[in-house]
Amino acid sequence: MGAAMRRIHVGNALSAFGLGFTVPYLYVYVAQVRGLGSMTAGLVLAVFAVAALIVLPFAGRAIVRRGPLPVLLVALVTAALGALSLGLSASAATVLLSAAALGAGQAVMQPALATMIVDCSTTETRSRAFAMQFFLQNLGLGVGGLIGGHLVDATSASSFTLLFAIEAAMFLVLVAVMATVRSPRAPRVEGVPGQASGGSWKQLLGNRAMVQLCVLGFVLFFACYGQFESGLSAYGVEAAGITTSALGTALAANTLVIVIAQFAVLKFVERRKRSRVIASVGLIWAVAWAVAGYAGLGHGSQTMATAAFISTYALFGLGEAMLSPTLAPLVADLAPTGLAGQYNSAFALVKQLALAIGPAVGGPLGASLHAPYIVAFLLFSLGITVLAVRLGRQLTDVQNQPSLARSRVVTQGRAPADAVAAAEA
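Residues numbered from 1 in each chain as written. Predicted model: local features only at pLDDT ≥ 70, side-chain atom pairs only at ≥ 80, totals over all residues. Heavy atoms only, no water.

Thoughts on the packing of aromatic side chains
Stage number 1. Per the counting criterion, the structure on display carries 14 aromatic pairs.
Stage number 2. Three or more aromatic residues joined by ring pairs make a cluster, and in this case those are Phe218, Phe222, Tyr235, Trp285, Trp289, Phe316, Tyr373, Phe377 and Phe380. (Phe/Tyr/Trp six-rings, centres within 6.5 Å; stacked < 30°, edge-to-face > 60°.)

Shown next as structure tokens:
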């Protein structure tokens, strides 16, 4: 890694640390510490999603016109102001406005940092760079949540003020670090359809491969991340009798598998077609939902049900580790020259939509309709496999398998079938 990439990874880790530092305790802070009630606390969590949905379409165009670094710096300052004001807010109105600023800033950080990774990497190094990003994000979330949990005291508003003040200071320190980044324009995969100039949404929607990837991404985030802390946890408690401590163990198992497996699977993923890797993730997650079905609908002991439920989260972690060096680099390789920021923002927007709708749909299903819930999301996982196979037909050989770019028989666009077969052999 060059100096610029190291600073970008520091930015990813610290931004994730800030998210884990405060977000898990927002509900307690708003509802109990500030005494604003569960309704206001629920609205605060909703505001995070709504703010992201509002700013992301504009963030993409800003990144294209101004570059990712200025947009990132504005997002960091906005998030710092939101965090500081949230720690000082005592009324519902100021809490909601502060949450909107914090949520908008954190949402814009994602595509800005992703675009900077694209600019500082090549086709050959991009998968590894995004794998490192995902690894550091999970590490930052875990460490942030752990430290934040030891600092807060539910009986003291000042402890939460300190928490948010530290988060704000961290964002400002990150401004100073990222302001020193000098990132070049990275070389891109050749042979990408539609490399015309202009940044309109019409052009993006005209890219069939990108549209299919967005649909696939929505199903991925809806069927996995959108269920972690809503439908799947509700299903575990209601159907499988999982205790809160066991639920925490399951979440820890998910993070542990990601940390252990991330670089172990990287070489395997780099040598395979991206569409086949994503299709494999769909099959792994289908198995995970089947195991979850056994945990809640089987007739085994409570110990077996708990073990099966923890295994479900571990299997999801394995799939996540396979996706991190696959999805984000593919978005970058599909983007026409200079439009990586808009494409990253569009994909982040799809992710936010899935994360907003997923809990709303999965929560009630997981809590009450146990068998239909499992069957529905098992089918969603199989749908991921089908969508991934279809996406593969829209990609060039190099987009689908970047390792072919190092072969002398692949030059530009779609290589002859016999040449590709020789390279794969």
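A look at the nonpolar core
Inside soluble globular proteins, nonpolar side chains tend to come together where they are buried.
Stage number 1. Within the largest apolar cluster, 111 residues are counted, with the highest numbers of intra-cluster contacts made by Met178, Met210, Leu213, Leu232, Trp285 and Phe309.
Stage number 2. Here the element with the most residues in this core is helix α5 (residues 92–119); it accounts for eleven residues.
Stage number 3. Ala52, Leu56, Ala107 and Leu349 belong to the second largest nonpolar core, which has five residues in total. (Core = buried A, V, L, I, M, F, W, Y, C linked by side-chain atoms within 4.5 Å. Buried < 20%, exposed > 50% of the residue type's maximum accessible area, 1.4 Å probe, protein only. Helix = DSSP H or I, 4+ residues; strand = E, 2+ residues; numbered from the N terminus.)

Thoughts on helix α3 (residues 37–66)
Stage number 1. Over its 30 residues, α3 runs 41 Å from end to end, which matches the ideal 44 Å to within 8%, given 1.5 Å per residue.
Stage number 2. Maximum bend of α3: about 35°, positioned at Leu56, with proline Pro57 one to four residues after it.
Stage number 3. Among all positions of α3, only Thr40, Ala41, Val44, Val47, Phe48, Ala49, Ala51, Ala52, Leu56, Ala59, Gly60 and Ile63 are buried.
Stage number 4. Against the buried residues of α3 lie α2 (26–33), α4 (68–88), α5 and α16 (340–368). (Expected span 1.5 Å × (residues − 1). Bend = angle between axes of the 7 residues up to and from the residue. Contact = heavy atoms within 4.5 Å.)

With respect to the pattern of salt bridges
Stage number 1. Under the counting rule described, the total for this entry stands at one salt bridge.
Stage number 2. Two residues, Arg274 and Asp333, come together in a salt bridge whose shortest N-O distance is 2.9 Å. On the criterion of sequence distance, the pair formed by Arg274 in helix α13 (residues 274–297) and Asp333 in helix α15 (residues 327–334) is long-range, its members being 59 residues apart. (Salt bridge = Lys/Arg side-chain N within 4 Å of Asp/Glu carboxyl O.)

Points about the confidence of the model for the chain
Stage number 1. For the chain, per-residue confidence averages 80 on the pLDDT scale, and residues scoring 70 or more make up 89% of the total.
Stage number 2. Every residue in residues 186–199 is under pLDDT 50, and counting partners more than four places away or in other chains gives 43 contacts. (pLDDT = per-residue confidence, 0-100.)

Re the side chain of Ser381
Stage number 1. Mapped onto the elements of the fold, Ser381 is located in helix α17 (residues 370–392).
Stage number 2. On the accessibility criterion, Ser381 (0% relative accessible area) is buried.
Stage number 3. Only 3.5 Å separates the side chain of Ser381 from the side chain of Trp289, close enough to count as a polar contact.
Stage number 4. Separated by 3.1 Å, the side chain of Ser381 and the backbone oxygen of Phe377 make a polar contact.
Stage number 5. Not counting residues up to four positions away in its chain, the partners in contact with Ser381 are Gly282, Trp285, Ala286 and Trp289. (Polar contact = N/O pair within 3.5 Å; in protein donor to acceptor, adjacent residues only side chain to side chain.)

Considerations on the environment of Ser91
Stage number 1. Within the fold, Ser91 resides in the loop between α4 and α5.
Stage number 2. Residue class for Ser91 comes out partly exposed when judged on its relative accessible area of 33%.
Stage number 3. There is a polar contact of 2.8 Å between the side chain of Ser91 and the side chain of Thr94.

Digging into the packing of helix α1 (residues 3–22) against helix α6 (residues 126–151)
Stage number 1. It is the contact of α1 with α6, at a shortest axis distance of 6 Å, that shows an interaxial angle of 35°. With respect to the hand of their crossing, α1 and α6 are arranged in right-handed fashion.
Stage number 2. Partitioning the contact of α1 with α6 into residue classes produces 13 nonpolar, nine polar and no charged. (Axes fitted to C-alpha atoms, helices over the stretch in contact; angles between N-to-C directions. Left-handed = near helix turned anticlockwise from the far one by under 90°. Nonpolar A, V, L, I, M, F, W, Y, C, P; charged D, E, K, R; others polar.)

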